[in-house]
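Architecture and fold: a report
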Amino acid sequence: MAGETEARTSATRHRLVEQVYGAIFTEITEGRLAPNTRLIQDELADAYGVSRQPVQQALLLLRNHGIVRDAPRRGLVVAPLEASFVRNL
């Protein structure tokens, strides 16, 4: 029983991360989040109705994919994206 509950919790967390990733990705690629916009975890969590954890994990994935980047003393910001890069995504 405990194993099944853990698996369900993990699957739910994974889906939340995917949903937040997709939402942020869409906002960036559609221009609603402009390049160099600071991404604040608390604000994003409130906007998407989730806790900070899935937002944090989604932002790390977006950073690993080059869609957001670290900015000194600002945290994570939207990376300037070339049109060809977005088309290839």
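Residues numbered from 1 in each chain as written. Predicted model: local features only at pLDDT ≥ 70, side-chain atom pairs only at ≥ 80, totals over all residues. Heavy atoms only, no water.

**A word on the pattern of salt bridges**
Summed over the entire model, instances satisfying the criterion amount to three salt bridges. In this structure, arginine 52 engages aspartate 42 in a salt bridge whose closest nitrogen and oxygen atoms are separated by 3.1 Å. Note that arginine 52 is positioned in helix H3 (residues 52–64) and aspartate 42 in helix H2 (residues 41–48), a separation of 10 residues in sequence. On the basis of relative accessibility, which here comes to 43%, the residue aspartate 42 falls in the partly exposed class. (Salt bridge = Lys/Arg side-chain N within 4 Å of Asp/Glu carboxyl O. Helix = DSSP H or I, 4+ residues; strand = E, 2+ residues; numbered from the N terminus. Buried < 20%, exposed > 50% of the residue type's maximum accessible area, 1.4 Å probe, protein only.)

**Notes on H3**
Look at H3: 18 Å from first C-alpha to last across 13 residues, which is about the 18 Å you get at 1.5 Å a residue. One or two steps after H3, the chain reaches glycine 66, where phi turns positive at roughly 80°. (Expected span 1.5 Å × (residues − 1).)

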